Structures are given as C-alpha cells and as structure tokens.
Amino acid sequence: MNALKLLPAAILLWATTASAAVVRRELIVEKGKVDLSGKKTVSFALTVNGGIPAPTLEFTEGDEVEIAVVNRIPDEEVSIHWHGILLPSEMDGVPYVTTPPIHPGETFIFRYKLRQSGTYWYHSHTNVQEQKGVYGAFIIHPKTNTLKYDRDLVVVLSDWSDEDARSILKNLRKDGDYYLYKKGTMRSWLGAWRAGALKTYWNYDWTRMGGMDYSDVGYDAFLINGKRALQLAEAHPGETVRLRLINAAASSYFKVTMGGGPMRVISADGVDIKPALADEILIGMAETYDVLFTVPEHRNYELRAQAQDGTGGASGFIGMGPEAPAPRSPRPGLYESMDHAAHAGHAAMAAPAPAAQAAPVDHSKMDHSAHAGHIMPAAPAAADQAVPTLTVDDLRAAAPTAFPAAAPRHDVRLVLDGDMTRYIWHINGKTINEDRTLVIREGDIVRYTFVNKTMMHHPMHLHGHFFRVLNAGGDSSPLKHTVDVPPHSERTIEFRADEPGEWMLHCHNLYHLKTGMARVVKYSSFTPSPQTLHMQKHDPHLHDHVYYYGRLDAATNTSEVRLRASQTWDEYEARYETVRRDTAWDHEGEALYRRRFGRFLALGGGLLVDDGEASAGATAGYIFPMFVEARAFVDHRGGLRLDVEKRIQWTRRVFSDLEVNFRKNRTTDFKATLMYQPNWAWAFGFVGTQDGPGAGLRYQF
Ligand SMILES: [Cu+2]
C-alpha cells in the first residue's frame, strides 16, 4: 500500500484504471437470538445478514465500492466503521463525528474507492454494539497476486459474553474489579503467600498501582469465526494456506499459536512485511496478521487463540488426520512483578519447545533514539529463527518507510492513564468529553508518543491513516493502523498528515474507549460540512455519562446504605448509617458532592445530619499508600469528623474492612468485618463494633 503511495509510476497506474467497476454489497443489521457460549441463548445479539461475525466482504484493489448498511434494529441506531481503510473522512463511519448515525429503518450507502490491498475488518462504532456481534472481515485482493498459496482463510477472533455489553459497562463503572469474582482472579494475601510473592503484593498496595491487569471483563466464550472450535479447512500435506488473523474482540488480546512449527507471518495490519517466523503472535484488539502455513504432514493442525488473561480460548483446525495440538502459554501469574510483566510476552512456552531459540536480549545494541521504551526487545532474530512471541518490535517493513529528515515535524506526548477502581480512562489526564480535539497541520510529519502509565495494554488506533511504529528496525519500522502500548512503556508513531479530515484516535479496548480514552485528530485545513457540524453537536463522546452504584450493609449491631451517582470526575453520594451504642442506636446521614482530582484526591462539600442535628461543611478525601482511604468533614460549627478505611483481602473470597471513625467531642468508633464474598453482589459474615460482635450481610448493586 505504502509503496504505491511513494511511487509516482503507480499513481499513474491508478489514474489510468480510474474507471473501475462499481462493486455493490448490502449489510442488514438486526437483533437476533444466539447461543455462542454453549451455555445460554441471549436475545440482545446483533447480527449482520443473519450471522455473527458479519459476512466477509471481498474486493479487489481499485474497486469502487458501494455498501448499503440497512438498520433493522427496532430501537437502536447503528453505524459501520471500515477499520484500516483509507477513505474520505465522511465515509469513515463514526457516528456524530464523520458520518450520520443510521436510525432504525434507515439505510446509508457508503461509497469509496479502494486504494490499498490486504486484510482489514469493519465494525460498529455505536455504543457497545461491537461486543454484541457487529464485526466482520474486509479483504482487499491486490490487482496482481505475487504470493502463492492454495487456500485463503479468514480467521476472525472475538470475545463473547452472555451478558448484554451495556450492563458490562455499567458494572465496570460500579467497580473496576467487578469481574474478578467471575474470573476467580482476585488477588489476596493468601494467594501471594502461596505464590511466594508477598513482597510483590505489598508493592502493588504500597505504590497504589494494583496488579497487572490483562482484561477487565469476564467472558463466557472466545470465538474463531463465531465458534469456540471449528475445522477451518481440510487440507492435504503440501498445501499452503493463507490465514488472515483479525482480532475483532472488544477487550481481549490473544496469544495465537499453531501446531506444526513456527508461523510464517507475512503481513501486519494489511501491509506486507519482511516475513518473520514466530512461535506465538500477541495480537491486540483491531490488529490483523497474515500467516502462510504449509501443511507438513497428514495431521490436523490446531490454530489456538488463547485469551491473554488465560481464562479461555478458541481453536481452529487445518489439515486432516490425527490432531497436532498447538502449544499453549501458561496462564499469566496474578503476582507478576512489573518488570517481569513487561517481558511477559516473551515468557517461555509450556508445551513443545520451540525448534529455534530466539536471539538473546542485548540491551547494549538497542537503538534508544527510537523511543520505544524499555520493552524494546531482542535484536531481530535471523530470518530462519522464530521469535518466541511476535510483537510490533519484531516487525520490519518490506520497503523503507522513513520520511525525509527535512520534513516539518509535529511532536506530541500522549499519556495514557486511568483509574481502574472507578473505571475512568484518559489521555493527558482528560477524557474525550473534556478535551475532544488534537489539531494537526496538513503536510506535517506528526509524531505521537504514547506513554502508558497503567498496568494494562492499550491498543491505540488511528482512523484513516497508516503510521510508522518506531522500533529497532529504524528506516524499516513497520506501518500499522493499530499499535499495542504495553503496561508502563512508551511507543512512538509517526505519519505524514496527508488525509485531510477528522479522524478518531482511540484505545481499541471498547470499554476504555467508552469511558474516555479517545480523541479526534482534526486537520486545521479541514472544514466539515454544515450538516456534519450540526450532527457533531449531538456527539455522545462529548457527554459525561452518569453511572450508579449502591451498597446496603445490614448487621445486628450496625447498618448502612450508600447510593452514588458518578460522572468522570464528579460524584454525588448519599449515606445513612446507624450504630448500636449500649442500648440506644446512633443515626448519621449525609449528602455529599465530591470532585476527584486524579486517582487519590477528592474535594467537596455537603450536608450532614448527626443525631437529628444538621450541619453543612466541606469534605476532603485522600487515598494513601496501602490503599488506606481517609475522609475528613469539617462543618460550619468547627466540628470535625475523620473516617479512615482499609480493605484487607485475605483470600479470593474472604476480606476484612477496618474502619476508624473519629468525632470531635465524642469517643472514637471502630468497626472491623470478616466477610465471605461468593460473588460481587453478596457478602456475609461478622461485624465487630466497639459495642461488641455482630453478624450481617452486604449487598452491592
Ligand atoms: Cu485502553
């Protein structure tokens, strides 16, 4: 693709073939009942032309495409974004940003000319519809195929939940740890002790970083082409298969492995690369990789896509005869230290040892000017050596991609950060509704450096462009549309600003996108049409959505109700508590507004009612190392209350909450619980106060 852009001769070729045929397709989106997990039939699914995934669209480079998207969902808008496709901004398919939303009963016709080839995909950009089934492969064949293979197979990877994605998002906003109970990945002192990682666990708490986090959602199934396991092709020994791997998951990275030796990777994100051998490919959301596989023997070779969080995977088979299983990585440990985690992609594999050893890491030879951070890997393996886990660091462009040194540069640092507990994700400290636009100038070489301060991977995607990912390959740095930014590392991308328009730049973790980790990159030379400007006023990206949380504690000696409404930084909380003291019950209620400043500080004010006496005051909260939470309330009479709280997670299911309540002119209260929590919603156990022991339960909603 890029080679064509650079070669004037090829541009001439385009011009002479401009009168290409119009190729028409129709995509009908509707609500459907499906059972993809094998456990439950759900009715919230969205199908395209009756299936999940959506049909594979196949075209040839140079085609004029005309794709009609028909919305037959009775009560929801829909949209389709063409991921990785170079096209005019208004055809990009992001509702309320570039393209009108498609209302129920309406049809929108996309028209554009294909000026590239390779493996791409398409998906809804509305709400969380991508999680509900609106995704499919988009394949563009080159005008003349230079590669020889016998079969062409599309492999669409995805994650599936039997729970409506809208409630997944709401649950995460109640508590970022919501799905740890379902997944059984709650960290605890007992678990750390058993893993011999007490110090690491202590460090997680002390630094307030929490542990490594591979995925926030607990999925019910992982799928290849909509199935948990399937025969992809019955192929004979000697036959060569082209596998087009597309990660269409909403929030799962996959580790892809194959029985039958290392995989020969020939392109990444649709663009041909210098072929590389890999025992495993780490594929982030929205990335694509093409693999050539020649069936070695009369066996049935497994292609395994294992979710990075280790909770499951999907298998496809190629060949026939006895099964040749794919090697599997061990499930990632819950107590990896950060340093180890950053290299986790290069961990040794559990099953058959790779045929070739990777080149050893030689930090002295790394090109630190490439800004790729400390995770920059080993020197590239020789062509006949397989890398243990292929990442963007191992990719080399087929032809040089460097820009002329004299071209004007525009450098921007983009810090990716968030708050896992409250489930807020942002760039440079602001969510998209606070800071929508990054302005760039046509003709500049734009260089974005992503600085990931979190314990998660973020697959960052720029619409409408290919960018270079600066790596040790220097001039041969690969071209991509989506790049994985691993935890606590940096990645720099650069592109020539030559596609005037407005383009989303966002994390392709659907739930990170929905909670703020996004921007619109706007060319200063570009003026949207009046209709587009009007539509943009209703852009949901600009709304600070409200989420709710509630908690009820009922015990023999104390009870409490908490209700909270929260936006990105603002919280409204009402609380009522009653505690038995000797023979009487004390009552206390409050209604507070708080604004958060980063992860640790909150300031606000409100009303307090204590034993029938009301007062107004100011409140301040801070989260100290070890996740010790302190809240102070000073009222208009000079009264002071100080509450200090600390959660201790003993085992996966058993925790204690310790609480100290200091009140001016009164004895200090203590509360300590020992609760068993079988799932997120319910917990029950013992509650001790200064009045003595009690028993009760907790319900969260
Ligand atoms: Cu993200």
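Conventions we followed
Residues numbered from 1 in each chain as written. Predicted model: local features only at pLDDT ≥ 70, side-chain atom pairs only at ≥ 80, totals over all residues. Heavy atoms only, no water. Helix = DSSP H or I, 4+ residues; strand = E, 2+ residues; numbered from the N terminus. Rg over C-alpha atoms; globule rule 2.2 N^0.38 Å. Buried < 20%, exposed > 50% of the residue type's maximum accessible area, 1.4 Å probe, protein only. Contact = heavy atoms within 4.5 Å. Areas by Shrake-Rupley, 256 points an atom, 1.4 Å probe, with all protein chains shown as cover. Pairing = 2+ DSSP bridges. Polar contact = N/O pair within 3.5 Å; in protein donor to acceptor, adjacent residues only side chain to side chain. Salt bridge = Lys/Arg side-chain N within 4 Å of Asp/Glu carboxyl O. Phe/Tyr/Trp six-rings, centres within 6.5 Å; stacked < 30°, edge-to-face > 60°. Donors = N, O, S within 2.8 Å, 3.2 Å for Na, K, Ca; no water. Axes fitted to C-alpha atoms, helices over the stretch in contact; angles between N-to-C directions. Core = buried A, V, L, I, M, F, W, Y, C linked by side-chain atoms within 4.5 Å.

Sorry, what's going on with the overall build of the protein here?
Scanning the protein for helices and strands turns up nine helices and 44 strands. Taking 701 residues into account, the globule formula puts the C-alpha radius of gyration at 27 Å, and the protein, at 27 Å, falls close to it. With respect to the three principal axes, the spread of C-alpha positions in the protein is 90 × 60 × 55 Å. Here the protein, with 701 residues, has 59% of them falling under the buried criterion. Sequence-distant contacts, at least 24 apart, represent 66% of the contacts inside the protein between residues at least 6 apart. Total accessible area computed for the protein in this model is approximately 27,500 Å², and 58% of it derives from carbon and sulfur atoms.

Explanation requested: the pairing of strand 36 (residues 584–597) in the structure shown.
As judged from the 12 bridges shared by strand 35 (residues 570–581) and strand 36, these two strands associate in the antiparallel manner. Looking at the pairing, E577 lines up with E588 of strand 36. Joining the antiparallel neighbours strand 35 and strand 36 is a turn of two residues, in which D582 adopts a positive phi near 55 degrees. Here strand 36 runs beside strand 37 (residues 601–610); their pairing, made up of 10 bridges, is antiparallel. By the bridge assignment for strand 37, Y593 is matched with G605. The turn linking strand 36 back onto strand 37 is made up of three residues, and G598 within it adopts a positive phi angle of 75 degrees.

Explain the side chain of E130 to me, please; I cannot follow it from the model alone.
Along the chain, E130 turns up in the loop between strand 7 (118–123) and strand 8 (135–141). A polar side-chain atom of E130 sits 3.5 Å from a polar atom in the side chain of H123. Sequence-distant contacts of E130, defined by excluding residues within four places in its chain, comprise W121, H123, S124, Y135, A248, A249, A250, H508 and L510.

Looking at this structure, how should I read the pattern of salt bridges?
When the charged atoms of two side chains with opposite charge come close together, those side chains can pair. Summed over the entire model, instances satisfying the criterion amount to 54 salt bridges. The partner of E239 in a salt bridge is R151, and the shortest N-O contact between them spans 2.8 Å. Of this pair, E239 sits in the loop between strand 11 (229–233) and strand 12 (240–247) while R151 sits in strand 9 (residues 151–160), placing them 88 residues apart in sequence. The closest approach of N and O atoms between D691 and R580, which form a salt bridge, is 3.0 Å. Residue D691 is located in the loop between strand 43 (682–689) and strand 44 (692–700), and its partner R580 is located in strand 35; the two are separated by 111 residues in the primary sequence.

Which parts of the structure should I look at to understand the packing of aromatic side chains?
Two numbers describe a pair of aromatic rings. These are the distance of the centres and the angle of the planes. Taken as a whole and assessed by the stated rule, the structure comprises 24 aromatic pairs. With a centroid separation of 6.0 Å and 75 degrees between ring planes, the pair formed by Y201 and Y335 is classed as edge-to-face. In this pair, Y201 is assigned in helix 6 (residues 198–206) and Y335 in the loop between strand 20 (323–324) and helix 7 (338–342), connecting sequence segments 134 residues apart. A relative accessible area of 7% places Y201 in the buried class. The class for Y335 is buried, based on a relative accessible area of 13%.

What's the story with the sheet that holds strand 27 (residues 467–469) in this structure? I'm lost.
For sheets, the rule is that strands pair by backbone hydrogen bonds, running either parallel or antiparallel. Pairing in this open sheet of six strands is mixed, and the strands run 23-22-25-30-27-28 from one edge to the other. On the outer flanks of this sheet lie strand 23 (424–427) and strand 28 (479–480), each paired with one strand and no other. Pairing analysis gives eight bridges linking strand 22 (residues 409–419) to strand 25 (residues 445–452), with the strands arranged parallel. Counterpart to R413 in the pairing with strand 25 is T449.

Explain the side chain of S124 here, please?
Inspection of the secondary structure assignment puts S124 in the loop between strand 7 and strand 8. There is a polar contact of 3.0 Å between the side chain of S124 and the backbone nitrogen of T126. Excluding residues that lie within four positions of it along the chain, S124 makes contacts with S79, I80, Q129, E130 and V134.

Just to check I follow, could you spell out the coordination of the copper ion for this structure?
Octahedral metals with six donors have ideal donor angles of 90 or 180 degrees. Tetrahedral metals with four donors have an ideal donor angle of 109.5 degrees. Here the copper ion is held by the protein donor atoms H458 (ND1), C507 (SG) and H512 (ND1), which lie 2.0 to 2.1 Å from it. Each donor residue of the copper ion belongs to the same chain, and together they define the spacing H-x48-C-x4-H. Here H458, found in strand 26 (residues 458–462), pairs with C507, found in strand 31 (residues 502–507); they are 49 residues apart in sequence, far enough to count as distant. Comparing H458 with C507 shows no difference in burial state: the two are buried.

Is there a simple way to think about the sheet that holds strand 42 (residues 669–676) in this case?
Read around the closed barrel, 12 strands run 33-34-35-36-37-38-39-40-41-42-43-44, paired in antiparallel fashion. Pairwise comparison of adjacent strand axes, ignoring direction, gives a mean angle of 20 degrees for this sheet. Sheet analysis places strand 37 next to strand 38 (residues 613–624), joined by 10 bridges and oriented antiparallel. Along strand 38, the bridge assignment pairs G604 with T619. Most of the contacts of helix 3 (residues 165–174) go to strand 33 (residues 547–555), to which it runs at about 60 degrees, and overall it touches strand 33 and strand 34 (558–566).

Mind showing me how you'd approach the nonpolar core here?
The nonpolar side chains of a soluble globular protein tend to be buried with one another. The biggest cluster of nonpolar side chains holds 128 residues, and the ones touching the most others in it are W82, Y112, F138, I281, Y448 and Y511. Apart from residues lying up to four places away in sequence, Y511 is in contact with V128, Q131, A165, I168, L169, L172, V217, Y219, A250, S251, Y423 and W425. Counting 18 residues, the second largest nonpolar core, distinct from the first, contains A45, I52, W121 and I246.

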